[in-house]
Amino acid sequence: MLLLALCYLFTFPGIRALRVASIDECPALTPRIDRPTNVNDVRPDDIKAIAGLGDSYMTAARMYRANTRLLPPPLMQYEGSSFAMGGDEGATTLPKFFEKYSPDIKGASLGERLSSHCEDSGCGIVPGILPYVPSLDNLNAAINGAISANLNTELDYLISRLRETPGLDFTNDWKLITVNIGGNDQCALCGGDRAEDSTPERYGANLQAIIERIHQNVPRVIVNIMGVMRVSLIYELTKDQPYCHPITIDITKLLLPNICSCFVGGDANRTVMDNAVTGYNQKIMEIYEFYKANPDPNFGVVYTPANLDILNYPLEVVLSNVDCIHPTLVGHQWLAKVIKKSLHLAY
């Protein structure tokens, strides 16, 4: 097993694990002369590009609270601070943790911009038009509102960008792709055009197809699949909370589709969502076990469980009052730390 737990010292032969308060306190690694040729030998300093597929958690949509920004937060994504892909100066994110050992790592997203969104009619700032701003998105291919059926659109962009990224040797450099998808799938289950695409069976098939497409088209890559969190947990945390209903939100919500109608549709609907999440995570485990049983020296799959104890954190600290579903800046920092502690590569 190779451990990429970035708050601890990495477990390599002859190196003792060490707990530290900051990634900056971790000892340096002895530089290598040659790139590793087997995924089991990859270290954090071997990762030269970091990329992402997924939904609005990956883009850091609606991260800031209502009444705190010039443009209405419901219209914006703040991807420079995304837990998995943010590259802004001083950010607490996965790419920033990797920079400790790979200072020239490529791919982190930057800044903030108007949100893109996936709907039945397509994905884009306007549906079907301009889903990406490459100068800011870089290798963050996630789109707000995406379900597993939209991953092909995202991967089209990502593979093209990987091939075009200056300073990246597409064939020989090692890459890490984080996939975080499933929140919108469970929200789509209670009706509408996307319900059939969101069952555990379709979710598993869509995800398997994307992972295999990466396997066949992206050399030297590790895919980190994040487990799916139960969105219904947020309902219990946020119902009847005045914090979740600021005055201006009634205006800004008119500009957005209902974020999760299944979420607010009653206990029976939330049970449907919970059962689906169990199915989604079973499918992720099946994919992980498949590639573990069929090793490829140039390819690896990681499963990072969604062990998020969200009910024991202060609501106002971790969730934005724009919709009380999306994380705040502090919420994204917390997620980054959770992921860095649990990111294991087990083959």
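Just above, that's the structure.
Just so we're clear, the structure is a prediction, and the values are computed from it rather than from any experiment.

Caption draft 1: Broad picture of empty space enclosed by the protein. Under the definition given, this model contains 1 cavity of 30 Å³ or more. Here the largest cavity is characterised by a volume of approximately 70 Å³. Lining the largest cavity are Y57, M229, L308, I310, V318, L319, P327, G331, W334 and L335. In terms of residue count, the dominant contributor to the lining of the largest cavity is helix 11 (residues 329-342) (3 residues). The residue inventory of the lining of the largest cavity, partitioned by class, reads 9 nonpolar, 1 polar and no charged.

Caption draft 2: Inspection of the side chain of S148 at higher detail. Within the fold, S148 resides in the loop between helix 3 (134-137) and helix 4 (151-164). Within the structure, the side chain of S148 is placed 3.0 Å from the side chain of N206, a separation counted as a polar contact. Leaving out residues up to four positions away in the same chain, S148 has contacts with I181, D185, D197, R202, Y203 and N206.

Caption draft 3: Spatial organisation of the packing of aromatic side chains. Applying the stated criterion to the full structure yields 4 aromatic pairs. Measuring from ring centre to ring centre gives 3.8 Å for Y132 and Y157, while their planes differ by 15°; the resulting arrangement is stacked. Here the residue Y132 occupies a position in the loop between strand 6 (122-124) and helix 3, and Y157 occupies one in helix 4, the gap between them amounting to 25 residues. We note that Y132, like Y157, is buried. The interplanar angle of 25° and the centroid separation of 4.3 Å between the aromatic rings of Y203 and Y280 together place this pair among those described as stacked. Within this pair, whereas Y203 is found in helix 6 (residues 200-217), its partner Y280 is found in helix 9 (residues 267-293), the two being separated by 77 residues in sequence. Residue Y280 is classed as buried on the basis of its relative accessible area, which comes to 0%.

So, how was this worked out
Residues numbered from 1 in each chain as written. Predicted model: local features only at pLDDT ≥ 70, side-chain atom pairs only at ≥ 80, totals over all residues. Heavy atoms only, no water. 1 Å grid on protein atoms, 1.4 Å probe; cavity = no way out; pocket = protein on both sides within 12 Å on 5 of 7 lines; lining within 4 Å. Points joined across faces, edges and corners; volume = space filled by probe spheres on them. Helix = DSSP H or I, 4+ residues; strand = E, 2+ residues; numbered from the N terminus. Nonpolar A, V, L, I, M, F, W, Y, C, P; charged D, E, K, R; others polar. Polar contact = N/O pair within 3.5 Å; in protein donor to acceptor, adjacent residues only side chain to side chain. Contact = heavy atoms within 4.5 Å. Phe/Tyr/Trp six-rings, centres within 6.5 Å; stacked < 30°, edge-to-face > 60°. Buried < 20%, exposed > 50% of the residue type's maximum accessible area, 1.4 Å probe, protein only.

By themselves, these figures tell us nothing about what the structure is for.
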